[in-house]
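Examination of the molecular architecture
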Amino acid sequence: MMQRDEQQALAVAIGLLLLVGGVLVGDATVGPWPTFAAGVALVLVHYLGPAVARELTVRRFARQIRRHHNL
């Protein structure tokens, strides 16, 4: 159990370093607003992605059922 906690702590530390480094590089190359917009877009895609994929799958399945019953 202790090894898993250490691995999780290491993963969080590496993730935070990548986040901070990415923000600094993005800010230096394209400016603060595009960097902020890209970060917000990534968060929204991560948060809404599964729900959108589920909705599209349900709509596709419903369309297939309608086509099948119209034959």
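Scroll up to find the structure this text is about.
Thresholds applied
Residues numbered from 1 in each chain as written. Predicted model: local features only at pLDDT ≥ 70, side-chain atom pairs only at ≥ 80, totals over all residues. Heavy atoms only, no water. Axes fitted to C-alpha atoms, helices over the stretch in contact; angles between N-to-C directions. Helix = DSSP H or I, 4+ residues; strand = E, 2+ residues; numbered from the N terminus. Parallel < 35°, antiparallel > 145°, perpendicular 65-115°, else oblique. Left-handed = near helix turned anticlockwise from the far one by under 90°. Contact = heavy atoms within 4.5 Å. Nonpolar A, V, L, I, M, F, W, Y, C, P; charged D, E, K, R; others polar. Expected span 1.5 Å × (residues − 1). Bend = angle between axes of the 7 residues up to and from the residue. Patch = residues over 30% accessible without salt bridge, like charges linked within 9 Å, V, L, I, M, F, W, Y side chains within 5 Å. Areas by Shrake-Rupley, 256 points an atom, 1.4 Å probe, with all protein chains shown as cover. Salt bridge = Lys/Arg side-chain N within 4 Å of Asp/Glu carboxyl O. Lys, Arg positive; Asp, Glu negative; His and termini not counted. Charge placed at Lys NZ, Arg CZ, Asp CG, Glu CD. Buried < 20%, exposed > 50% of the residue type's maximum accessible area, 1.4 Å probe, protein only.

At their nearest, the axes of helix H1 (residues 2–30) and helix H2 (residues 32–70) sit 7 Å apart, and the two run at 135 degrees to each other. It follows from the interaxial angle that H1 and H2 lie oblique. Judged by the sense of rotation from one axis to the other, the crossing of H1 with H2 is right-handed. Contacts from Val23, Gly26, Asp27 and Val30 of H1 reach H2 at Pro32, Pro34 and Thr35. In the contact of H1 with H2, the residues fall into four nonpolar, two polar and one charged.

So, on to H2. Taking 1.5 Å per residue, 39 residues should reach 57 Å; H2 reaches 54 Å between its end C-alpha atoms and fits that length. Taking the largest bend as the criterion, H2 deviates by roughly 50 degrees, centred on Leu48, and proline Pro50 comes between one and four positions later.

An α-helical segment advances 3.6 residues per turn. Residues three or four places apart therefore align on the same side. Taking 1.5 Å of rise per residue, 29 residues should cover 42 Å, and H1 covers 42 Å from first to last C-alpha, within 8% of that figure. Gly31 sits one or two positions beyond H1 and adopts a positive phi of about 105 degrees.

A grouping of Arg60, Arg63, Arg66 and Arg67 is seen on the molecular surface, where their side chains present a positively charged patch. Considering the arrangement of structural elements, one finds Arg60 in helix H2. Residue classification places Arg60 among the partly exposed residues on the basis of a relative accessible area of 46%.

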